[in-house]
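What follows is each chain in one-letter form.
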Amino acid sequence: MSGPRAAGIYSGLLRFYPRRFRDEYGVDMALIFAEQLRDEPTGRVWARGVVDLAITIPARHLEARMDRPPNPTVAVVFAAISVSGLVLGIIGGSSLGMLGFGLAVAVVAGGLAVAAWRNTRAVSVARPATERWWQVLLVGVIVLATTIIVVNVVGEVSDGLWLPMVLTLLAGVVTTAAGLILSIVHLIENRPRRVPG
Amino acid sequence: MPRLVKPLPSASLHIVLALLDGEAHGYALIGRVAELSDGAVRMGAGTLYGTLNRLVSDGLIEETTTRVPRDDSERRRYYELTGTGRAVAVDEVVRLQGLVHRIAAHLPGGATA
(Lines give C-alpha, C1' and ligand atoms only; values in the text may rest on other atoms or scores of the structure.)
Protein backbone atom coordinates (compact mmCIF):
# COMPACT_ATOMS: atom_id res chain seq x y z
CA MET A 1 0.00 0.00 0.00
CA SER A 2 1.40 3.40 -0.97
CA GLY A 3 2.25 5.93 1.73
CA PRO A 4 -0.29 8.60 0.70
CA ARG A 5 -3.07 6.01 0.42
CA ALA A 6 -2.25 4.51 3.82
CA ALA A 7 -2.17 7.99 5.35
CA GLY A 8 -5.55 8.70 3.75
CA ILE A 9 -7.06 5.56 5.27
CA TYR A 10 -5.62 6.47 8.66
CA SER A 11 -7.09 9.97 8.36
CA GLY A 12 -10.46 8.37 7.65
CA LEU A 13 -10.18 6.22 10.78
CA LEU A 14 -9.57 9.37 12.83
CA ARG A 15 -13.24 10.21 12.26
CA PHE A 16 -14.06 7.72 15.00
CA TYR A 17 -12.53 10.01 17.64
CA PRO A 18 -14.77 12.58 19.33
CA ARG A 19 -15.16 15.65 17.14
CA ARG A 20 -13.43 18.05 19.53
CA PHE A 21 -10.39 15.82 19.91
CA ARG A 22 -10.25 15.20 16.16
CA ASP A 23 -10.51 18.90 15.36
CA GLU A 24 -7.75 19.68 17.84
CA TYR A 25 -5.24 16.94 17.02
CA GLY A 26 -6.41 15.13 13.87
CA VAL A 27 -4.04 16.93 11.49
CA ASP A 28 -1.06 16.35 13.79
CA MET A 29 -1.92 12.68 14.21
CA ALA A 30 -2.18 12.15 10.45
CA LEU A 31 1.15 13.95 9.99
CA ILE A 32 2.84 11.70 12.56
CA PHE A 33 1.41 8.58 10.95
CA ALA A 34 2.77 9.71 7.57
CA GLU A 35 6.19 10.34 9.11
CA GLN A 36 6.18 6.91 10.74
CA LEU A 37 5.31 5.32 7.37
CA ARG A 38 8.27 7.15 5.88
CA ASP A 39 10.71 5.97 8.56
CA GLU A 40 9.53 2.48 9.52
CA PRO A 41 8.19 -0.67 7.83
CA THR A 42 4.55 -0.21 6.80
CA GLY A 43 3.35 -3.38 8.55
CA ARG A 44 4.80 -2.36 11.90
CA VAL A 45 3.34 1.15 11.67
CA TRP A 46 -0.11 -0.22 10.81
CA ALA A 47 -0.01 -2.84 13.57
CA ARG A 48 0.89 -0.19 16.14
CA GLY A 49 -1.58 2.32 14.68
CA VAL A 50 -4.55 -0.09 14.74
CA VAL A 51 -3.87 -1.15 18.33
CA ASP A 52 -3.49 2.51 19.31
CA LEU A 53 -6.79 3.42 17.64
CA ALA A 54 -8.60 0.47 19.23
CA ILE A 55 -7.46 1.51 22.69
CA THR A 56 -7.60 5.30 22.49
CA ILE A 57 -10.86 5.87 20.56
CA PRO A 58 -13.06 4.42 23.37
CA ALA A 59 -10.86 6.16 25.96
CA ARG A 60 -11.25 9.59 24.29
CA HIS A 61 -15.02 9.07 24.02
CA LEU A 62 -15.18 8.19 27.70
CA GLU A 63 -13.14 11.27 28.60
CA ALA A 64 -15.35 13.44 26.39
CA ARG A 65 -18.44 12.18 28.22
CA MET A 66 -16.86 12.74 31.62
CA ASP A 67 -15.79 16.27 30.66
CA ARG A 68 -19.28 17.15 29.48
CA PRO A 69 -20.79 19.77 31.79
CA PRO A 70 -23.61 18.51 34.01
CA ASN A 71 -27.16 19.03 32.81
CA PRO A 72 -28.61 22.38 34.03
CA THR A 73 -32.03 20.71 34.53
CA VAL A 74 -31.28 20.13 38.22
CA ALA A 75 -30.64 23.85 38.75
CA VAL A 76 -33.85 24.75 36.89
CA VAL A 77 -35.92 22.28 38.97
CA PHE A 78 -34.55 23.65 42.26
CA ALA A 79 -35.15 27.22 41.04
CA ALA A 80 -38.77 26.31 40.25
CA ILE A 81 -39.20 24.76 43.72
CA SER A 82 -37.70 27.90 45.24
CA VAL A 83 -40.11 30.17 43.37
CA SER A 84 -43.02 27.87 44.31
CA GLY A 85 -42.01 28.14 47.96
CA LEU A 86 -41.89 31.92 47.71
CA VAL A 87 -45.32 32.01 46.04
CA LEU A 88 -46.71 29.63 48.66
CA GLY A 89 -45.34 31.87 51.41
CA ILE A 90 -46.90 34.98 49.88
CA ILE A 91 -50.30 33.39 49.12
CA GLY A 92 -50.56 31.64 52.46
CA GLY A 93 -49.00 34.60 54.22
CA SER A 94 -51.92 34.98 56.61
CA SER A 95 -50.65 31.90 58.43
CA LEU A 96 -47.25 32.42 60.06
CA GLY A 97 -46.50 28.70 59.80
CA MET A 98 -47.27 28.63 56.08
CA LEU A 99 -45.16 31.77 55.52
CA GLY A 100 -42.22 30.27 57.41
CA PHE A 101 -42.51 26.98 55.52
CA GLY A 102 -42.76 28.74 52.16
CA LEU A 103 -39.76 30.97 52.85
CA ALA A 104 -37.73 28.03 54.19
CA VAL A 105 -38.46 26.03 51.02
CA ALA A 106 -37.58 29.08 48.89
CA VAL A 107 -34.27 29.66 50.69
CA VAL A 108 -33.16 25.99 50.77
CA ALA A 109 -34.22 25.24 47.18
CA GLY A 110 -32.73 28.56 46.04
CA GLY A 111 -29.40 27.65 47.64
CA LEU A 112 -29.46 24.23 45.99
CA ALA A 113 -30.34 25.85 42.64
CA VAL A 114 -27.36 28.21 42.92
CA ALA A 115 -25.06 25.32 43.89
CA ALA A 116 -26.33 23.18 40.99
CA TRP A 117 -26.00 26.08 38.57
CA ARG A 118 -22.42 26.72 39.66
CA ASN A 119 -21.69 23.04 39.13
CA THR A 120 -22.84 23.22 35.52
CA ARG A 121 -20.11 25.71 34.69
CA ALA A 122 -17.08 23.76 33.44
CA VAL A 123 -14.56 26.48 34.15
CA SER A 124 -14.72 29.18 36.78
CA VAL A 125 -13.49 32.41 35.26
CA ALA A 126 -12.64 35.41 37.38
CA ARG A 127 -15.04 38.21 36.44
CA PRO A 128 -15.17 41.84 37.49
CA ALA A 129 -17.57 42.58 40.36
CA THR A 130 -19.70 44.81 38.13
CA GLU A 131 -20.73 41.76 36.09
CA ARG A 132 -22.47 40.43 39.20
CA TRP A 133 -24.73 43.49 39.49
CA TRP A 134 -27.90 41.54 38.80
CA GLN A 135 -27.12 39.02 41.54
CA VAL A 136 -26.59 41.80 44.09
CA LEU A 137 -29.76 43.54 42.93
CA LEU A 138 -31.75 40.30 43.08
CA VAL A 139 -30.60 39.54 46.64
CA GLY A 140 -31.46 43.10 47.71
CA VAL A 141 -34.95 42.94 46.20
CA ILE A 142 -35.62 39.50 47.74
CA VAL A 143 -34.51 40.69 51.20
CA LEU A 144 -36.64 43.82 50.89
CA ALA A 145 -39.70 41.93 49.64
CA THR A 146 -39.38 39.23 52.29
CA THR A 147 -39.05 41.79 55.09
CA ILE A 148 -42.06 43.76 53.86
CA ILE A 149 -44.16 40.58 53.55
CA VAL A 150 -43.19 39.42 57.03
CA VAL A 151 -44.00 42.85 58.52
CA ASN A 152 -47.40 42.87 56.79
CA VAL A 153 -48.22 39.37 57.99
CA VAL A 154 -47.04 39.82 61.56
CA GLY A 155 -48.80 43.17 61.80
CA GLU A 156 -47.41 44.73 64.93
CA VAL A 157 -43.72 44.01 65.46
CA SER A 158 -42.76 43.16 69.00
CA ASP A 159 -39.95 45.07 70.77
CA GLY A 160 -37.59 42.12 70.47
CA LEU A 161 -38.03 41.83 66.70
CA TRP A 162 -37.99 45.54 65.94
CA LEU A 163 -34.21 45.99 65.72
CA PRO A 164 -33.50 42.84 63.61
CA MET A 165 -36.37 43.82 61.30
CA VAL A 166 -35.03 47.36 60.79
CA LEU A 167 -31.49 46.06 60.26
CA THR A 168 -32.76 43.53 57.68
CA LEU A 169 -34.73 46.25 55.92
CA LEU A 170 -31.65 48.49 55.93
CA ALA A 171 -29.51 45.65 54.55
CA GLY A 172 -32.08 45.13 51.79
CA VAL A 173 -32.03 48.83 50.88
CA VAL A 174 -28.21 48.97 50.88
CA THR A 175 -27.89 45.78 48.79
CA THR A 176 -30.49 46.99 46.29
CA ALA A 177 -28.72 50.35 46.01
CA ALA A 178 -25.37 48.57 45.56
CA GLY A 179 -26.90 46.44 42.81
CA LEU A 180 -28.21 49.54 41.04
CA ILE A 181 -24.84 51.32 41.31
CA LEU A 182 -23.00 48.24 39.99
CA SER A 183 -25.43 48.00 37.09
CA ILE A 184 -24.76 51.65 36.14
CA VAL A 185 -20.98 51.11 36.38
CA HIS A 186 -21.35 47.94 34.30
CA LEU A 187 -23.30 49.83 31.64
CA ILE A 188 -20.65 52.58 31.52
CA GLU A 189 -17.79 50.08 31.32
CA ASN A 190 -19.46 48.11 28.54
CA ARG A 191 -20.79 50.95 26.41
CA PRO A 192 -19.82 50.69 22.75
CA ARG A 193 -16.58 52.52 22.01
CA ARG A 194 -15.77 54.15 18.70
CA VAL A 195 -12.63 52.70 17.16
CA PRO A 196 -10.25 55.51 16.10
CA GLY A 197 -9.39 55.75 12.43
CA MET B 1 -0.76 24.66 41.57
CA PRO B 2 -0.30 21.79 44.06
CA ARG B 3 2.25 19.13 43.29
CA LEU B 4 0.93 15.78 42.20
CA VAL B 5 1.19 13.27 45.00
CA LYS B 6 0.46 10.12 43.06
CA PRO B 7 3.00 8.81 40.52
CA LEU B 8 2.21 9.82 36.94
CA PRO B 9 0.66 7.22 34.62
CA SER B 10 3.17 5.54 32.33
CA ALA B 11 2.52 7.58 29.17
CA SER B 12 2.50 10.89 31.06
CA LEU B 13 5.68 9.92 32.91
CA HIS B 14 7.53 9.13 29.70
CA ILE B 15 6.44 12.37 28.07
CA VAL B 16 7.38 14.67 30.97
CA LEU B 17 10.74 12.90 31.26
CA ALA B 18 11.29 13.28 27.50
CA LEU B 19 10.48 17.00 27.76
CA LEU B 20 13.20 17.53 30.39
CA ASP B 21 15.51 17.84 27.38
CA GLY B 22 13.54 20.87 26.16
CA GLU B 23 10.62 21.57 23.86
CA ALA B 24 9.67 19.09 21.18
CA HIS B 25 6.95 18.37 18.64
CA GLY B 26 4.88 15.19 18.60
CA TYR B 27 7.02 13.05 16.34
CA ALA B 28 10.23 14.06 18.12
CA LEU B 29 8.57 13.19 21.43
CA ILE B 30 7.71 9.70 20.20
CA GLY B 31 11.36 9.29 19.22
CA ARG B 32 12.65 10.59 22.54
CA VAL B 33 10.33 8.30 24.50
CA ALA B 34 11.47 5.32 22.42
CA GLU B 35 15.10 6.30 23.05
CA LEU B 36 14.58 6.83 26.80
CA SER B 37 12.84 3.46 27.15
CA ASP B 38 15.45 1.70 25.03
CA GLY B 39 12.83 1.00 22.38
CA ALA B 40 10.37 -0.60 24.81
CA VAL B 41 7.76 2.18 24.53
CA ARG B 42 6.63 3.15 21.02
CA MET B 43 3.68 5.48 21.39
CA GLY B 44 0.91 5.74 18.84
CA ALA B 45 -0.43 9.13 17.85
CA GLY B 46 -3.69 8.59 19.75
CA THR B 47 -1.88 7.82 22.99
CA LEU B 48 0.52 10.70 22.45
CA TYR B 49 -2.06 13.42 21.83
CA GLY B 50 -4.49 12.10 24.44
CA THR B 51 -1.68 12.31 26.99
CA LEU B 52 -0.48 15.71 25.77
CA ASN B 53 -4.05 17.01 26.00
CA ARG B 54 -4.33 15.83 29.62
CA LEU B 55 -0.91 17.21 30.57
CA VAL B 56 -1.83 20.61 29.11
CA SER B 57 -5.10 20.53 31.09
CA ASP B 58 -3.20 19.66 34.26
CA GLY B 59 -0.80 22.55 33.67
CA LEU B 60 2.29 20.35 33.45
CA ILE B 61 3.13 21.23 29.85
CA GLU B 62 2.26 24.08 27.50
CA GLU B 63 2.19 24.55 23.77
CA THR B 64 4.98 26.76 22.47
CA THR B 65 4.26 26.58 18.74
CA THR B 66 3.70 30.30 18.22
CA ARG B 67 6.21 31.57 20.77
CA VAL B 68 9.11 31.75 18.33
CA PRO B 69 9.24 31.83 14.52
CA ARG B 70 10.14 28.40 13.18
CA ASP B 71 11.86 27.21 10.07
CA ASP B 72 9.29 24.48 9.65
CA SER B 73 7.39 24.05 6.40
CA GLU B 74 4.85 21.73 8.00
CA ARG B 75 2.42 22.72 10.70
CA ARG B 76 3.80 21.16 13.87
CA ARG B 77 2.84 21.79 17.44
CA TYR B 78 5.60 22.17 19.97
CA TYR B 79 5.34 21.53 23.70
CA GLU B 80 7.51 22.19 26.74
CA LEU B 81 7.29 21.67 30.49
CA THR B 82 5.83 24.39 32.67
CA GLY B 83 7.53 25.21 35.98
CA THR B 84 5.17 22.84 37.76
CA GLY B 85 5.72 20.20 35.10
CA ARG B 86 9.49 20.42 35.49
CA ALA B 87 9.18 20.10 39.28
CA VAL B 88 6.90 17.07 38.87
CA ALA B 89 9.32 15.50 36.37
CA VAL B 90 12.25 15.99 38.75
CA ASP B 91 10.18 14.55 41.62
CA GLU B 92 9.45 11.52 39.47
CA VAL B 93 13.14 11.05 38.66
CA VAL B 94 13.97 11.18 42.40
CA ARG B 95 11.13 8.75 43.15
CA LEU B 96 12.33 6.32 40.50
CA GLN B 97 15.94 6.60 41.71
CA GLY B 98 14.77 5.77 45.23
CA LEU B 99 12.72 2.87 43.94
CA VAL B 100 15.66 1.41 42.01
CA HIS B 101 17.97 1.94 44.99
CA ARG B 102 15.63 0.17 47.42
CA ILE B 103 14.99 -2.71 45.05
CA ALA B 104 18.69 -3.13 44.37
CA ALA B 105 19.34 -3.30 48.12
CA HIS B 106 16.96 -6.26 48.38
CA LEU B 107 18.27 -8.15 45.40
CA PRO B 108 20.53 -11.13 45.96
CA GLY B 109 24.09 -9.87 46.07
CA GLY B 110 23.26 -6.62 47.91
CA ALA B 111 23.01 -3.03 46.76
CA THR B 112 24.54 -2.39 43.42
CA ALA B 113 22.74 0.78 42.40
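What you see is a predicted model; the values in this text were computed from it and never measured.

Caption draft 1: Fine view of the overall build of chain A. Each helix and strand counted, chain A has seven helices and zero strands in total. For chain A, the sequential pattern of α-helices and β-strands runs α-α-α-α-α-α-α. Within chain A, buried positions represent 18% of all 197 residues. For chain A, the proportion of contacts with a sequence separation of at least 24, taken over those separated by at least 6, is 70%.

Caption draft 2: Region of interest: the overall build of chain B. Across its full length, chain B carries four helices and three strands. The burial tally for chain B puts 31% of its 113 residues in the buried class. Considering only residue pairs separated by 6 or more positions, chain B has 50% of its internal contacts joining residues 24 or more positions apart.

Caption draft 3: Region of the structure containing helix α2 (residues 26–36) of chain B. Here α2(B) has its buried residues at Gly26(B), Tyr27(B), Leu29(B), Ile30(B) and Val33(B). Within α2(B), the buried residues cover an arc of 160° as seen down the axis, which keeps them to one side. In this fold, the buried residues of α2(B) make contact with α2 (19–39) of chain A together with α1 (10–18), β1 (24–25) and α3 (45–57) of chain B. Downstream of α2(B) by one or two residues, Asp38(B) has phi in the positive range, about 60°.

Caption draft 4: Structural context of the interface of chain B and chain A. Tallying the contact residues gives 13 residues for chain B and 15 residues for chain A. At the level of elements, α2 and α3 of chain B are the ones that each hand at least two residues to the side of chain B that touches chain A.

Caption draft 5: Representation of the nonpolar core within the structure. By size, the foremost hydrophobic cluster in this structure holds 36 residues, and its most contacted members are Ile15(B), Val16(B) and Leu19(B). Only α2 of chain A together with α1, α2, α3, β3 (78–81) and α4 (83–106) of chain B provide two or more residues apiece to this core. Ranked by residue count, the leading element in this core is α2(A), at eight residues. Contact partners of Val16(B), with chain neighbours within four places excluded, come to Leu8(B), Leu60(B), Leu81(B), Gly85(B), Val88(B), Ala89(B) and Glu92(B). One finds Phe78(A), Leu86(A), Ala109(A) and Ala113(A) within the second-largest nonpolar core, a separate group that totals five residues.

Caption draft 6: Structural context of the sheet that holds strand β2 (residues 61–63) of chain B. Residues and elements named next belong to chain B. Reading across from one edge, β1-β3-β2 is the order of the three strands in this open sheet, with antiparallel pairing throughout. Since the sheet does not close on itself, it has two edges, and those belong to β1 and β2, each with one partner. Bridging between β1 and β3 involves two bridges; their strand directions are antiparallel. Its bridge partner lying in β3, His-25 is registered against Tyr-78. Lying on the sheet, α3 is in contact with β2 and β3; it crosses β2 at an angle near 105°.

Caption draft 7: Representation of α3(B) in the model. Residues and elements named next belong to chain B. Compared with an ideal rise of 1.5 Å per residue, which puts 13 residues at 18 Å, α3 spans 18 Å between its outermost C-alpha atoms and is within 8% of the ideal. Within α3 the residues assigned to the buried category are Ala-45, Gly-46, Thr-47, Leu-48, Tyr-49, Gly-50, Thr-51, Leu-52 and Leu-55. One or two steps after α3, the chain reaches Gly-59, where phi turns positive at roughly 80°.

Caption draft 8: A look at the packing of α1(B) against α3(B). All names here are of chain B. Put simply, α1 and α3 touch, their axes get as near as 10 Å, and they point 80° apart. In this view, α1 runs roughly perpendicular relative to α3, as classed from their interaxial angle. For the pair formed by α1 and α3, the contact residues are Ala-11, Ser-12 and Ile-15 on the first element and Thr-47, Thr-51, Leu-52, Arg-54 and Leu-55 on the second. Within the contact of α1 with α3, the residues separate by chemical class into four nonpolar, three polar and one charged.

How each quantity is defined
- Residues numbered from 1 in each chain as written.
- Chains lettered and ligands numbered in written order.
- Predicted model: local features only at pLDDT ≥ 70, side-chain atom pairs only at ≥ 80, totals over all residues.
- Helix = DSSP H or I, 4+ residues; strand = E, 2+ residues; numbered from the N terminus.
- Buried ≥ 20, exposed ≤ 12 C-beta atoms within 10 Å, placed from the backbone.
- Contact = placed C-beta atoms within 7 Å.
- Arc of directions from axis to C-beta.
- Core = buried A, V, L, I, M, F, W, Y, C linked by C-beta atoms within 7 Å.
- Pairing = 2+ DSSP bridges.
- Axes fitted to C-alpha atoms, helices over the stretch in contact; angles between N-to-C directions.
- Expected span 1.5 Å × (residues − 1).
- Parallel < 35°, antiparallel > 145°, perpendicular 65-115°, else oblique.
- Nonpolar A, V, L, I, M, F, W, Y, C, P; charged D, E, K, R; others polar.

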